[in-house]
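What follows is each chain in one-letter form.
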Amino acid sequence: MQMQTPTPRLTFTKLLDNNTPAATAWVTGGAAYPQISGLVKFYRTPYGGTLVEAEIFGLPNINIQNSTDYYAMHIHETGDCSDSFSHTGGHYNPTTQPHPFHAGDLMPLLANQGYAWMSFYDKRISPDELPGRSVIIHAGRDDFTSQPAGNAGDKIACGVIQPL
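Residues numbered from 1 in each chain as written. Predicted model: local features only at pLDDT ≥ 70, side-chain atom pairs only at ≥ 80, totals over all residues. Heavy atoms only, no water.

A. Representation of the packing of aromatic side chains. Per the counting criterion, the structure on display carries three aromatic pairs. An angle of 50° between the planes, with centres 5.2 Å apart, marks the rings of Phe 57 and Tyr 115 as tilted. In this pair, Phe 57 is assigned in strand β3 (residues 50–57) and Tyr 115 in the loop between β6 (109–112) and β7 (116–122), connecting sequence segments 58 residues apart. For Tyr 115, a relative accessible area of 32% gives the class partly exposed. (Phe/Tyr/Trp six-rings, centres within 6.5 Å; stacked < 30°, edge-to-face > 60°. Helix = DSSP H or I, 4+ residues; strand = E, 2+ residues; numbered from the N terminus. Buried < 20%, exposed > 50% of the residue type's maximum accessible area, 1.4 Å probe, protein only.)

B. Region of interest: the state of the cysteines. All told, the structure shown has one disulfide when counted by the stated rule. In this model Cys 81 forms its disulfide with Cys 158; the gap between the sulfur atoms is 1.9 Å. Looking down the S-S bond of the Cys 81 and Cys 158 bridge, the torsion is -65°, so its handedness is left-handed. Linking Cys 81 in the loop between β5 (73–76) and α2 (82–85) with Cys 158 in strand β9 (residues 155–163), this pair joins segments that are 77 residues apart in sequence. You can call Cys 81 partly exposed: its relative accessible area is 23%. (Disulfide = S-S within 2.5 Å.)

C. Representation of the pattern of salt bridges within the structure. One pass over the full model with this rule turns up four salt bridges. In this structure, Arg 44 engages Asp 128 in a salt bridge whose closest nitrogen and oxygen atoms are separated by 2.5 Å. Of this pair, Arg 44 sits in strand β2 (residues 37–44) while Asp 128 is found in the loop between β7 and β8 (134–138), placing the two residues 84 residues apart along the sequence. (Salt bridge = Lys/Arg side-chain N within 4 Å of Asp/Glu carboxyl O.)

D. Broad picture of the environment of Val 135. Among the secondary structure elements, Val 135 is positioned in strand β8. A C-alpha to C-alpha distance of 8.0 Å links Val 135 and Val 40, two positions 95 residues apart in sequence. Excluding anything up to four places from it in sequence, Val 135 contacts Ala 25, Val 27, Val 40, Phe 42, Met 73, His 74, Ala 157, Cys 158, Gly 159 and Ile 161. (Contact = heavy atoms within 4.5 Å.)

E. Structural context of unusual backbone geometry. Cis geometry marks the peptide bond from His 99 to Pro 100, where omega comes out at 10°. Here Pro 100 is to be found in the loop between α2 and β6. In this model, Gln 147 is joined to Pro 148 through a cis peptide bond whose omega is 5°. Inspection of the secondary structure assignment puts Pro 148 in the loop between β8 and β9. Phi angles above zero are rare outside glycine, and Phe 144 is one such case at about 60°. When you line up the elements, Phe 144 lands in the loop between β8 and β9. Positive phi values are uncommon outside glycine, yet Asn 151 reaches one of about 50°. Along the polypeptide, Asn 151 turns up in the loop between β8 and β9. Given a relative accessible area of 62%, Asn 151 falls into the exposed group.

Geometric descriptors of this kind do not, in isolation, establish any biological role.
What follows is the structure, given as structure tokens:
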């Protein structure tokens, strides 16, 4: 019998199973998409960086049978979701990198008939620097090219990141 060598994946699976995030953001839709809701969790890892888990319901393609679509998801500077999310500032970018290399550029959500779940590891951010910022979901996909924010369209959902 071969001995199993621990890998980051095994560590990440245990973190998700234990459900002990360092910070979370409850994301809700704005006036145009009030059905959007979900939770984004940020976990500390022994490797530095952050394990991010997102589960989002009610994305715009919910009523299109068997549909899939991408939605940009970013961390924005300010945790103020008021006034149709107009006070969230730009992407979180502490090292002044071009898009898509700033710390606030997250993986896109792939929604299947309005539902998206994903988990990924990001070495550019730490859960300790995120409270008070916001998670934003945009109406479109990020083109990973346009400056400064990827031409992802309107902000359709927002959640303030809170420490746990």
